[in-house]
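Listed below are the residues making up each chain.
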Amino acid sequence: MYFPYIPWTFMYKDWSETQMQIAICDDEKTFINELVDLLVDYKKQHCICIDIFEFSSGEDLINSNDIFDMIFLDFQMKGINGLETAKILRAKNITDIIIGDNVKVVGKGAFYGCENLANLTFGKNITVLEESSFCDCRSLTNVVIPDNIVEVGDHAFQYCKGLIKVIIGTGITHLGR
């Protein structure tokens, strides 16, 4: 993978559910434990019901028959890496993606063909959207590219047929075609 280290990117389908199903996929148990602790604290503070499922590999998560409201996904794992896992998970009708603050680059074709993606939120440390990173995300209607993003690669949002509005931040130094 081309990211130096990316602990988690998370994706969710619907926050309105009263019982949230959350998956954590990381091959390092230490990070899983840290995230579980944070989620348990959040659960207690907000009096919500959360079921947490732990996976130590992309293969295990992909083979799960469960549907998750949120997935915390490590992009650097043994076996099927996080990028490949995310590509496979797209087929499970993910509609919302929040890219975490530890992510600096959204790689080439990272979310290509995520047809049901409707909502996209970028972390505060992301600087680059590589080529075709959100290509063919047909349900995406609005995109806000924050000031911290300096480069948007070629075809980053090509074939996003539902795209109506794009707001480009002031930090852009390269805007692909």
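Reading the values: the criteria
- Residues numbered from 1 in each chain as written.
- Predicted model: local features only at pLDDT ≥ 70, side-chain atom pairs only at ≥ 80, totals over all residues.
- Heavy atoms only, no water.
- Salt bridge = Lys/Arg side-chain N within 4 Å of Asp/Glu carboxyl O.
- Helix = DSSP H or I, 4+ residues; strand = E, 2+ residues; numbered from the N terminus.
- Buried < 20%, exposed > 50% of the residue type's maximum accessible area, 1.4 Å probe, protein only.
- Pairing = 2+ DSSP bridges.
- Disulfide = S-S within 2.5 Å.
- Contact = heavy atoms within 4.5 Å.
- pLDDT = per-residue confidence, 0-100.
- Core = buried A, V, L, I, M, F, W, Y, C linked by side-chain atoms within 4.5 Å.

Draft legend 1. Layout of the pattern of salt bridges. All told, the structure shown has three salt bridges when counted by the stated rule. For the salt bridge of Glu 54 with Lys 29, the shortest nitrogen-to-oxygen distance reads 2.5 Å. In this pair, Glu 54 is assigned in strand S3 (residues 49–55) and Lys 29 in helix H1 (residues 29–46), connecting sequence segments 25 residues apart. Judged by relative accessible area, which is 45%, Lys 29 ranks as partly exposed. Arg 138 is paired through a salt bridge with Asp 136; the nearest N and O atoms lie 2.6 Å apart.

Draft legend 2. View of unusual backbone geometry. The backbone of Cys 47 shows a phi angle near 50 degrees, a positive value even though the residue is not glycine. Along the chain, Cys 47 falls in the loop between H1 and S3. For Tyr 159, which is not glycine, the phi dihedral falls at a positive 65 degrees. Within the secondary structure, Tyr 159 sits in the loop between strand S10 (151–152) and strand S11 (165–168).

Draft legend 3. Seen up close, the sheet that holds strand S6 (residues 105–106). Taken in spatial order, the four strands make up an open sheet running S6-S8-S10-S12, and their pairing is parallel. The sheet terminates laterally at S6 and strand S12 (174–175), the two strands that pair on one side only. Sheet analysis places S10 next to S12, joined by two bridges and oriented parallel. Following the sheet pairing, Glu 151 is matched in S12 by His 174.

Draft legend 4. Up close: the state of the cysteines. This structure, assessed with the given rule, holds zero disulfides. In this structure Cys 114 is not part of a disulfide, and its nearest cysteine sulfur, from Cys 137, lies 5.3 Å away. The structure places no disulfide on Cys 160, whose sulfur is separated from the nearest cysteine sulfur, that of Cys 137, by 5.0 Å. You can call Cys 160 buried: its relative accessible area is 8%.

Draft legend 5. Region of interest: the side chain of Ser 57. Take Ser 57: it is sitting in the loop between S3 and helix H2 (58–63). Owing to a relative accessible area of 13%, Ser 57 belongs among the buried residues under this scheme. In this structure Ser 57 touches Cys 25 and Met 77, once residues within four positions along its chain are discounted.

Draft legend 6. Region of interest: the confidence of the model for the protein. Summary statistics for the protein give a mean pLDDT of 83 and a share of 88% for residues scoring 70 or more. The weakest mean pLDDT in the protein belongs to strand S1 (residues 9–12) at 41; the strongest belongs to S10 at 96. Low pLDDT, under 50, characterises residues 1–17; the predicted model gives this stretch 71 contacts beyond four residues in sequence or across chains.

Draft legend 7. Expanded view of the side chain of Ser 133. Within the fold, Ser 133 resides in the loop between strand S8 (128–129) and strand S9 (142–145). Residue Ser 133 is classed as buried on the basis of its relative accessible area, which comes to 0%.

Draft legend 8. Just the nonpolar core, in detail. Residues Leu 61, Ile 99, Phe 122, Leu 129, Phe 134 and Phe 157 are the most contacted members of the largest nonpolar core, which totals 35 residues. Put simply, the parts of the chain that give this core at least two residues each are strand S2 (19–25), strand S4 (70–73), helix H3 (82–89) and S9. Examining the composition of this core, we find that three residues originate from one element, H3, more than from any other. Setting aside anything within four residues of it in sequence, one finds Phe 157 in contact with Leu 120, Leu 129, Phe 134, Leu 140, Val 143, Ile 145, Val 152 and Leu 163. Core analysis: the next-biggest nonpolar cluster, separate from the first, contains 10 residues, Ile 24, Val 36, Met 70 and Phe 72 among them.

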